[in-house]
Amino acid sequence: MALHDRLYALSPWLTPLLLPLGFAAVTWLTLRFSPEATGSGIPQVIAAAEQRWKGRWGGQRVTIRTAAWKVVLSAALLVCGGSIGREGPTVQVVAGIMRSLTRGLKGGPGRRAIIIAGGAAGVAGAFNTPIAGVVFAVEELAKSFEKRTHTTAILVVVIAGATSYALQGDYAYFGVLNGGGPLSAAWLAAPLIGVTGGLAGGVFSRALAAMIGPSNNPVARWRRAHPIAFALICGAVAALVALLSGGMTFGAGYAEAKSLLQGHPGRGLDFAGYKLIASLAAAASGAPGGIFAPSLATGAGIGAAFARLGPVLAGRDAVVLGMTGYLSGVVQAPLTSAVILMEMTRDPGLVGPLMLAALLGRWASGLIMREPIYHVLAASWRTTPAGTKP
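Residues numbered from 1 in each chain as written. Predicted model: local features only at pLDDT ≥ 70, side-chain atom pairs only at ≥ 80, totals over all residues. Heavy atoms only, no water.

Caption draft 1: Structural detail: the packing of helix α13 (residues 254–261) against helix α16 (residues 316–331). Their axes nearest at 8 Å, the elements α13 and α16 cross at an angle of 140°. By the angle class used here, α13 and α16 are oblique. Side by side, α13 and α16 meet where A257, L260 and L261 of the first sit next to R316, V319, V320 and M323 of the second. Looking at side-chain class alone, the contact of α13 with α16 contains six nonpolar, no polar and one charged residues. (Axes fitted to C-alpha atoms, helices over the stretch in contact; angles between N-to-C directions. Helix = DSSP H or I, 4+ residues; strand = E, 2+ residues; numbered from the N terminus. Parallel < 35°, antiparallel > 145°, perpendicular 65-115°, else oblique. Contact = heavy atoms within 4.5 Å. Nonpolar A, V, L, I, M, F, W, Y, C, P; charged D, E, K, R; others polar.)

Structure follows, in structure tokens:
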């Protein structure tokens, strides 16, 4: 991301051309050398946890080889300015490392517990949010969470948290925030912001599922028949949005989201709209990359738009509520969305409003997208149809 910033500083008009070229090249490399590394990686982890290996293809969903390609290809897309996050890929990377290092060992936790625990550790390490890692494992990766899996996940998350602390210190992802509005304003704003963010998140997930899910609509059929050309078009859309937004949509969106959280002037709703389109283009291209961090940035823009309407809509806290509502709308995991923002911002006073915004965001998203996006996409990675014995 820092390298892309330097390239953009040298040539703001030519750098966006990296997006269509990069999307096409990275998608070709992915399909040629590691097709299991495509996209976020979380659907592959869900599918691998649900079903045992079946042949070479089934076994490559979570392996060190796939993890290595995931890191290289995701980093390449970030150099090009793709609107992707590292968090989804980290889930697949850590699950692959844990599964590969424990494969063939006798005793200890089972295959499913190891994969789920690895995914939880990926969230914990990427965001420095250990509680959210465990909640994510319960809410998203596992449909049922037996006691042994629960113990393994907590143990591995603790190790990941300790390692993250040793490497980076006691940091909050967005910094420790002070100066929020009255708590009563946050409670009043949470329903409106949560529903708005949830609806926007549902639109994003529905559009993404239509393009890369198991559906058989004309767009999905054309993408499957011409994946490189489709990636090139997605890159062209991302480049156009980058030019229109003045370069705000490049990368994960961390800097923009943090700036909005700190009360610096931004374009709010304009930024949210541009970021949603750029993130959808990146996710639909088929190249590796996550949607967590871009979703937080998009939600920050939605919250900032409300914050500018006046202090009655919670001020800076509205940005945090926007992140929660939109993320919950995209992934339909309200507990994870609320807890992850609580740990990121280190503001325990907002727990109640965050939970309300997340739950209403999930409800509003369900009106548009009935099944969580990761589980829809996981259907394409199962070795046998859902509901049958592998």
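Caption draft 2: Quick peek at unusual backbone geometry. Phi at Q332 takes a positive value of approximately 55°, unusual for a residue other than glycine. Locating Q332 in the fold gives a position in the loop between α16 and α17 (334–345).

Caption draft 3: Representation of the packing of aromatic side chains. For the structure shown, the criterion picks out five aromatic pairs. Between Y8 and F250, the aromatic rings sit 5.1 Å apart at their centres with planes inclined by 65°, giving edge-to-face as the arrangement. Separated by 242 residues along the polypeptide, Y8 in helix α1 (residues 2–10) and F250 in the loop between α12 (227–244) and α13 bring together distant segments of the chain. Residue classification places Y8 among the partly exposed positions, given a relative accessible area of 22%. (Phe/Tyr/Trp six-rings, centres within 6.5 Å; stacked < 30°, edge-to-face > 60°. Buried < 20%, exposed > 50% of the residue type's maximum accessible area, 1.4 Å probe, protein only.)

Caption draft 4: How the structure looks around the environment of G110. Tracing the backbone shows G110 in the loop between α6 (87–102) and α7 (111–127). On the accessibility criterion, G110 (37% relative accessible area) is partly exposed. For the pair G110 and R99, spaced eleven residues apart in sequence, the C-alpha to C-alpha distance is 9.9 Å.

Caption draft 5: Molecular detail of the nonpolar core. Among the nonpolar cores identified, the biggest contains 87 residues, and F292 and I340 are the most heavily contacted of them. Ignoring sequence-local partners within four residues, the contact set of I340 consists of V123, F127, T129, A132, F292 and L327. Ranked by size, the runner-up nonpolar core spans seven residues in total, among them V94, A117, V156 and A160. (Core = buried A, V, L, I, M, F, W, Y, C linked by side-chain atoms within 4.5 Å.)

Caption draft 6: Summary view of the side chain of T336. Assignment of secondary structure puts T336 in helix α17. For T336, a relative accessible area of 1% corresponds to the buried category. The contacts of T336, once residues within four sequence positions are left out, are A132, V135, F136 and E139.

Caption draft 7: Representation of the packing of helix α11 (residues 218–225) against α12 within the structure. As a packed pair, α11 and α12 sit with axes 5 Å apart at the nearest point and diverge in direction by 115°. Taken together, the axis directions place α11 and α12 in an arrangement best described as roughly perpendicular. Together, V219, W222, R223, R224 and A225 of α11 and P227, A229, F230 and I233 of α12 make up the contact between the two elements. Taken together, the residues of the contact of α11 with α12 sort by class into seven nonpolar, no polar and two charged.

Caption draft 8: Highlighting the environment of A318. Secondary-structure assignment places A318 in helix α16. When its relative accessible area of 0% is taken as the criterion, A318 is described as buried.

Caption draft 9: Inspection of the confidence of the model for the chain at higher detail. Averaged over the chain, the pLDDT score is 83; the fraction of residues at 70 or greater is 84%. For the chain, the element scoring lowest by mean pLDDT is helix α4 (residues 55–59), at 53; α12 scores highest, at 95. Low pLDDT (under 50) marks residues 385–390, which in the prediction has six contacts with non-local residues, meaning those over four places away or in another chain. (pLDDT = per-residue confidence, 0-100.)

Caption draft 10: Structural context of the side chain of Q44. Relative to the helices and strands, Q44 resides in helix α3 (residues 42–50). Among the residues examined, Q44 registers a relative accessible area of 1% and is labelled buried. At 2.8 Å, the side chain of Q44 and the backbone oxygen of E36 are in polar contact. Those residues in contact with Q44, other than ones at most four positions away along the chain, are E36, A37, T38, R61, K70, Q92 and W381. (Polar contact = N/O pair within 3.5 Å; in protein donor to acceptor, adjacent residues only side chain to side chain.)

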